[in-house]
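Next come the chains, spelled out residue by residue.
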Amino acid sequence: MALAACATGLIAQPALADTVSTKGGIKVKSDDGSFVGEFGGRLMLDAAVFDNDTADNASGTEFRRLRLHSKGKIHGLGYKIEVDFADGDTVTKDAYLQMAVAGGKLTIGQFKQYFTMENLTSSRYTTFMERSYLTSFSPSYQVGVGYWGHYNALGFGISAFNAYQDEDADGGSGTTEGVGGSARVIFSPSLSEDVTLHVGGSALVTGGIEGRNRVRVRAAGHLSDASRPDIVNINTGERSESTIFALEFASIAGPLSVQAEYLGGTFETETVEQDVAAFYATTSYFLTGESRPFNAKTGKFGRVKPRKPHGAYEIAARYDYVENDSNDFEVESVTLGLNWYMNPQVRFMLNYIAADVAEGSDEPNAVTARMQFDF
Amino acid sequence: MALAACATGLIAQPALADTVSTKGGIKVKSDDGSFVGEFGGRLMLDAAVFDNDTADNASGTEFRRLRLHSKGKIHGLGYKIEVDFADGDTVTKDAYLQMAVAGGKLTIGQFKQYFTMENLTSSRYTTFMERSYLTSFSPSYQVGVGYWGHYNALGFGISAFNAYQDEDADGGSGTTEGVGGSARVIFSPSLSEDVTLHVGGSALVTGGIEGRNRVRVRAAGHLSDASRPDIVNINTGERSESTIFALEFASIAGPLSVQAEYLGGTFETETVEQDVAAFYATTSYFLTGESRPFNAKTGKFGRVKPRKPHGAYEIAARYDYVENDSNDFEVESVTLGLNWYMNPQVRFMLNYIAADVAEGSDEPNAVTARMQFDF
Amino acid sequence: MALAACATGLIAQPALADTVSTKGGIKVKSDDGSFVGEFGGRLMLDAAVFDNDTADNASGTEFRRLRLHSKGKIHGLGYKIEVDFADGDTVTKDAYLQMAVAGGKLTIGQFKQYFTMENLTSSRYTTFMERSYLTSFSPSYQVGVGYWGHYNALGFGISAFNAYQDEDADGGSGTTEGVGGSARVIFSPSLSEDVTLHVGGSALVTGGIEGRNRVRVRAAGHLSDASRPDIVNINTGERSESTIFALEFASIAGPLSVQAEYLGGTFETETVEQDVAAFYATTSYFLTGESRPFNAKTGKFGRVKPRKPHGAYEIAARYDYVENDSNDFEVESVTLGLNWYMNPQVRFMLNYIAADVAEGSDEPNAVTARMQFDF
């Protein structure tokens, strides 16, 4: 190999001749591929202007995500460490070791548990600035063990984890500790080159939750701190548990895509039972003809690559809904979006959100914008 | 290109053949220059011994700055993310995307707003361990949009930003939120190879400031926490605003340089008006013959490169002054400095500071030292 | 040099042709070796299940260490910056500049002071998940100046530092500030290729300690927060000081190793005097025939490299003891360990700990496990 020849006779390096590349970050790969070292990050800077109703959301700016990560391979084992430094906090996201087992991947450490589609799609690739309300029920990043496998058009994941959510968590629960398990099955048949069809289902159980068990949503985007009602807020002193099921659907036909998920479940203690449900439907269309990439093996949307030098333009609309049936509480919203993918790594987003909390008790509207890049 | 030839036939790398280099950090550049990934940092470790007067400053050590950064280019767009981890905090400094527009640079994100010369000169290159008192009035790192351009000997910048200052900010204001704009114009004609002349002016307006509007200075260096009077401290419950103008001057003739800035302005609410002014003058001389580098296009001092293996030695003196004319309050100091540039990236500094707060109410003296490196 | 030839004619790079390698992180080295840039990290994820006695230790998981570091050489000077982000904190570990002086190394900045053997051995290479109780008396990472030298079988280090320990420090002291000095002398003669013998001694003095002077131990591993008695807790308002001496011993004969340390000392103020002592003895045996590497120049254990593809297996036992003779208080434990070194950079650990606090007042047992990797 040519570069190996170039590097012979060098100092006692730990490895073979390794190759380096950059897309803004740094990636080094060993000759045989068993070692990879990669350093990168992502930045999302948001601004929001509110037309407030009863709650007083403050217009302003924030770093929604400011993350640095290191990932790669160690003796053939995958690893990733990612830390978010937005707003002066230090929050560990991914922090795991990953092994190839029986054609799939066994993951040990902290990672996103296998539950629902939009939740598992990277924040870099979601259609709107914020995920739908139903993602608030997701366990997100937890310490556990999981396995993801796939056979032909079928994919499935199962994981067991130490349920913990702190106040900083997206969608916001109070501090809770317990145990949980999640599972997801997907079916993504290959219909034609231009058409993707995807269906799937997820289940989540948690138990032995100590402390407050809470699910909050931000009705009108992440800066709408004042319009942030509790959908669930169980704090009886008893241990609580939850059982949640979800269905997912996505279809992509050229520049058009449709995506929808439904979730229903129960939170309970010995004396309390609350039934929740959530639903959203999104449609997106690329004015410039691109098509949303979808990974059929993992059931996640991927990186949009503009066809033309001036980038890709996408318009999108979403209806979003969540309710607590036990006390007739609900939050709903309509979001309109315009995205400009300047290049595959830089995106500007504009969202208009009209939200309705508890049938008119708070009806905030917001115009929000994001600048995003990753490397 | 030779290395490209070396690297052909390799695994499916995302980019072209990329080259790597190190000056202690890591820099990778793609063949066509449109992608760059760079990882680096800086460390400044300080010690101070106080001869206290009325205020009880604690002698000791601190990490003044401990930063890691990632910067580079993404599809030809510049970016930078820099986080400071000194003292167990996590503070975002630069975090922006930058585009070439009409021969200048458009910056979106968090960056130092265009205001005054010493403020914009990197802390790695300032003559003394701490910047002058007048930098306390600078908005420093803020989220906004700015443009910097230059034509021949003229340079100018203008920016609009979301004014926010937390308690950790250098020079310390209370938590404030509002909006602001700043502008700077510089004129740096090329006189001869050995002589630099530079003049400039800056303007800063902020408005709609909610919360306390406060400017503090550390009279005798950054560890002089006890000698840290308020120059401005408006906390009436009304929104406040400020208008500040500043002039800058620098001249370098071989090993000798002179640098001075003047600032004057007003802080006001509906019921309060306070007038402030600040001034400093610095002179520096390289015993070993080096000359302070100055970037005429951006109006900032740069990295000193010692001529000899044993490094460069610089002696310097500064008179520093700030006042609030409305209540006859003032702080002044004289600083003497000795710098040893061990090499272009490692510097040791020794400062003696004799300060006077409010005409003798507190007259602390300090001997401070710094070890600094960057990569 | 071949690669240099490859790289000639390239863009204006700051340095010479540099070579890159990866073992999961990234390392770049300049052609002449005077510049090195290296980015890496370590992750340790722990789980513990307690069989509690009187104190209520919570079974669960935690990131014991989650660190990123940058290190290398700047114009031939060594440097390192390492930050720990475990559990949402930001704690600076190493942060120093290092120079070669008279065959040894002069270190300026924050680093582990020269005191005792296990303390100085990297957490990546210790036999058990947690170091012994006597490490709680170590100053660990402090800002100071130190020199380490070695001549033949003799090694020695001496350092002066700004004593500071915050609540997060391992083994936990209250917040204290003062000054200190430490010294260590080691003798590691080369007996034969398979046999290592090592003896050494350390001394530590601290003085002028303001605030609480406290030494705590975690009786049954790091998650045993409730079984965390004070061995020393002096909080009289007077300044305190301490004088501590320690002896160390290690011997390695093929797969078998024995390691022991003893410590004794005094904490005192004008009105209080407390005498402490600590001791541990460890033995370890590699079922797969490997031998624990030991660096005779620095007196530290090093990285185990498995001989076979399926990794190395080690079994180990430890007796651990600490007492405050002045008030008849003691903590002791027996730990049994099983380690699987999957490869040189990935290790799984299982520890069983039976502890006894103050002669039966609390006797927690714990089973703890760790997944660890570094790059």
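All figures in this text were calculated on a predicted structure; none of them were measured in a lab.

1. Focus: the overall build of chain A
From N to C terminus, chain A includes 2 helices and 22 strands. Radius of gyration (C-alpha) of chain A: 22 Å, near the 21 Å computed for a compact globule of 375 residues. Based on the C-alpha atoms only, the size of chain A along its principal axes is roughly 75 × 50 × 45 Å. Within chain A, buried positions represent 61% of all 375 residues.

2. Section: the relation of the copies chain B and chain C
Expressed as a screw transformation, the operator carrying chain B onto chain C has a rotation angle of 120° and an axial translation of 0.0 Å, and the superposed copies differ by an RMSD of 0.0 Å. Given the turn and translation reported, the copies of this chain are related as if by a three-fold rotation axis.

3. Looking at the pairing of strand β1 (residues 18–21) of chain B
Residues and elements named next belong to chain B. A two-sided burial pattern is seen for β1, the buried positions comprising Asp18 and Val20 on one face and Thr19 and Ser21 on the other. Both β1 and strand β2 (residues 26–30) contribute to a ladder of 4 bridges, which runs antiparallel. Across the sheet, residue serine 21 finds its bridge partner in β2, namely lysine 27. Counting the residues between successive antiparallel strands, the hairpin from β1 to β2 contains 4 residues, one of them, glycine 24, with a positive phi of roughly 115°.

4. Considering the interface of chain B and chain C
Contact with chain B, which involves 37 residues of that partner, is made by 40 residues of chain C. Each partner contributes to the roughly 3,200 Å² buried at the junction of chain B and chain C, and carbon and sulfur atoms together form 75% of this total. Between chain B and chain C we count 0 salt bridges in total. Taken together, the links from chain B to chain C amount to 6 residue pairs in polar contact (both at pLDDT 80 or more). Residue contributions to the side of chain B that touches chain C peak at 5 residues, all from strand β4 (residues 60–74) of chain B. For the side of chain B that touches chain C, the per-class residue count stands at 20 nonpolar, 11 polar and 6 charged.

5. A closer look at the interface of chain A and chain B
Taken together, the 37 residues of chain A in the interface contact 40 residues of chain B. Taking both sides of the interface into account, the surface hidden between chain A and chain B amounts to around 3,200 Å²; carbon and sulfur atoms contribute 75%. Summed over the shared surface of chain A and chain B, the result is 0 salt bridges. In this assembly, chain A and chain B are joined by 6 residue pairs in polar contact (both at pLDDT 80 or more). Mapped by element, the contributors of at least two residues to the side of chain A that touches chain B are α1 (2–7), β1 (18–21), β2 (26–30), β3 (36–51), β4 (60–74), β20 (329–343), β21 (346–357) and β22 (365–374) of chain A. For the side of chain A that touches chain B, the element with the highest residue contribution is β4(A), accounting for 5 residues. Residues belonging to the side of chain A that touches chain B are distributed by class as follows: 20 nonpolar, 11 polar and 6 charged.

6. Regarding the side chain of Lys112(B)
Residues and elements named next belong to chain B. On the secondary structure map, lysine 112 appears in strand β7 (residues 104–112). Although lysine 112 is buried, it forms no salt bridge, and the closest oppositely charged side chain is aspartate 94 at an N-O distance of 7.7 Å. Within the structure, lysine 112 has its side chain in polar contact with the backbone oxygen of asparagine 119 (distance 2.5 Å). Once residues within four sequence positions are removed from consideration, lysine 112 is found in contact with Asp94, Asn119, Leu120, Thr121, Arg131, Ser140 and Tyr141.

7. Observations regarding the packing of aromatic side chains
Taken as a whole and assessed by the stated rule, the structure comprises 43 aromatic pairs over all chains. Ring geometry for Phe111(B) against Tyr114(B): centres 5.9 Å apart, planes inclined by 45°, an arrangement best described as tilted. The exposure classification of Phe111(B) matches that of Tyr114(B), with both residues buried. A centroid spacing of 6.3 Å and a plane angle of 20° characterise the contact between Tyr151(C) and Phe156(C), whose relative ring orientation is stacked.

8. Overview of the pattern of salt bridges
Taken as a whole, this structure holds 48 salt bridges over all chains when the rule is applied. Two residues, Arg303(B) and Asp374(B), come together in a salt bridge whose shortest N-O distance is 2.8 Å. With a gap of 71 residues between them, Arg303(B) in the loop between β18 (300–301) and β19 (312–324) and Asp374(B) in strand β22 (residues 365–374) connect regions that are remote in the sequence. Judged by relative accessible area, Asp374(B) falls into the buried class, the value being 4%. Here the salt bridges do not stand alone but share partners, grouping Arg42(A), Arg67(A), Lys80(A), Glu82(A), Asp84(A) and Asp94(A) into one network.

9. Considerations on unusual backbone geometry
Residue and element names in this part refer to chain C. Located in the positive-phi region is histidine 75, a residue other than glycine, with phi close to 50°. Mapped onto the secondary structure, histidine 75 falls in the loop between β4 (60–74) and β5 (77–84). You can call histidine 75 partly exposed: its relative accessible area is 31%. For threonine 116, which is not glycine, the phi dihedral falls at a positive 65°. Mapped onto the elements, threonine 116 comes out in the loop between β7 (104–112) and α2 (117–120). What makes threonine 116 buried here is its relative accessible area of 1%.

10. Remarks on the confidence of the model for chain A
All names here are of chain A. Scored by pLDDT, chain A comes out at a mean of 91, with 92% of its residues at no less than 70. Segment residues 1–16: pLDDT under 50, and 33 contacts once partners within four positions in sequence are set aside and those in other chains are kept. Low pLDDT, under 50, characterises residues 167–174; the predicted model gives this stretch 26 contacts beyond four residues in sequence or across chains.

11. Here's the deal with the nonpolar core
Counting residues in hydrophobic clusters, the biggest one holds 81 residues, and the most contacted among them are Phe373(A), Phe373(B) and Phe373(C). Those residues in contact with Phe373(C) that lie beyond four places of it in its chain are Ile74(A), Tyr79(A), Ile81(A), Tyr96(A), Leu97(A), Arg42(C), Leu43(C), Gln345(C) and Val346(C).

12. Let's talk about the environment of Tyr79(C)
Mapped onto the secondary structure, Tyr79(C) falls in strand β5. Using a relative accessible area of 3% as the deciding quantity, one classes Tyr79(C) as buried. Through-space distance from the C-alpha of Tyr79(C) to that of Arg214(C) is 31 Å; in sequence the pair is 135 residues apart. When residues no more than four places from it in sequence are discounted, the contact partners of Tyr79(C) are Gly24(B), Phe373(B), Phe375(B), Val36(C), Ser70(C), Lys71(C), Gly72(C), Lys73(C), Ile74(C), Tyr96(C) and Leu97(C). Among the polar contacts made by the side chain of Tyr79(C), one reaches the side chain of Ser70(C) at a distance of 2.8 Å. Of note is the side chain of Tyr79(C), whose polar atom sits 3.5 Å from the backbone oxygen of Lys71(C).

13. Considerations on the environment of Pro189(C)
Residues and elements named next belong to chain C. Tracing the backbone shows proline 189 in the loop between β10 (176–187) and β11 (195–210). Here the alpha-carbon distance between proline 189 and phenylalanine 50, two residues 139 residues apart in the chain, equals 42 Å. Those residues in contact with proline 189, other than ones at most four positions away along the chain, are Ala153 and Leu197.

14. Side note on the environment of Glu238(C)
Residue and element names in this part refer to chain C. Counting through the fold element by element, glutamate 238 comes out in the loop between β13 (230–234) and β14 (240–253). With 113 residues separating them in the primary sequence, glutamate 238 and asparagine 351 have C-alpha atoms 41 Å apart. A distance of 2.7 Å separates the side chain of glutamate 238 from the side chain of threonine 269, its partner in a polar contact. A distance of 2.8 Å separates the side chain of glutamate 238 from the side chain of threonine 271, its partner in a polar contact.

15. Let's talk about the pairing of strand β14 (residues 240–253) of chain A
Residues and elements named next belong to chain A. The pairing of strand β11 (residues 195–210) with β14 spans 13 bridges and is antiparallel. Across the sheet, isoleucine 209 pairs through a bridge with serine 240, a residue of β14. Linking two consecutive strands that pair antiparallel, namely β14 and strand β15 (residues 256–268), is a turn of 2 residues; a positive phi of about 60° is found at glycine 254 within it.

Definitions and cut-offs
- Every chain is numbered independently, its residues counted from 1 as its sequence is written.
- Think of it this way: whatever chain is written first is A, whatever ligand is written first is 1, and the rest follow in order.
- For a predicted model such as this one, the threshold for reporting local features is a pLDDT of at least 70, and the threshold for listing and counting side-chain atom pairs is 80 or more; totals across whole chains, interfaces and linings nevertheless cover every residue.
- Side-chain descriptors were evaluated using all non-hydrogen atoms of the structure, hydrogens and water having been removed beforehand.
- Here a helix means four or more residues in a row that DSSP labels H or I, a strand means two or more in a row labelled E, and each is numbered from the N terminus.
- The quantity called the radius of gyration is restricted to C-alpha atoms. Its globule counterpart is 2.2 Å times the number of residues to the power 0.38.
- Think of it in three bands: residues with accessible area under 20% of the maximum for their type are buried, residues over 50% are exposed, and the middle band is partly exposed, with areas taken using a 1.4 Å probe on protein chains only.
- When the copies are superposed, the least-squares fit takes in the C-alpha atoms of residues with a pLDDT of at least 70 in both.
- Being paired, for any two strands, means DSSP has found at least two bridges between them.
- It only takes one pair of heavy atoms within 4.5 Å for two residues to be counted as in contact.
- Buried area adds together the accessible area that both of two parts lose upon being put together, with accessible area traced by a 1.4 Å probe.
- A carboxyl oxygen of Asp or Glu within 4 Å of a side-chain nitrogen of Lys or Arg is what we treat as a salt bridge.
- Each polar contact in these results corresponds to two N or O atoms within 3.5 Å; when the atoms are within protein, one needs to be able to donate a hydrogen and the other to accept it, and residues that are neighboring in sequence are counted only if both atoms are side-chain atoms.
- Note on residue classes: Ala, Val, Leu, Ile, Met, Phe, Trp, Tyr, Cys and Pro are nonpolar, Asp, Glu, Lys and Arg are charged, and everything else, Gly too, is polar.
- Under the convention used here, Asp and Glu are negative, Lys and Arg are positive, and both His and the chain ends fall outside the count.
- Geometry of aromatic contacts follows a simple scheme: Phe, Tyr and Trp rings, the Trp one being its six-membered ring, pair when their centres are within 6.5 Å, and the pair is stacked under 30 degrees between planes, edge-to-face over 60, tilted otherwise.
- Confidence of the prediction at every residue is given by pLDDT, a number between 0 and 100.
- By convention a nonpolar core is built from buried Ala, Val, Leu, Ile, Met, Phe, Trp, Tyr and Cys residues, the set being connected through side-chain atoms within 4.5 Å.

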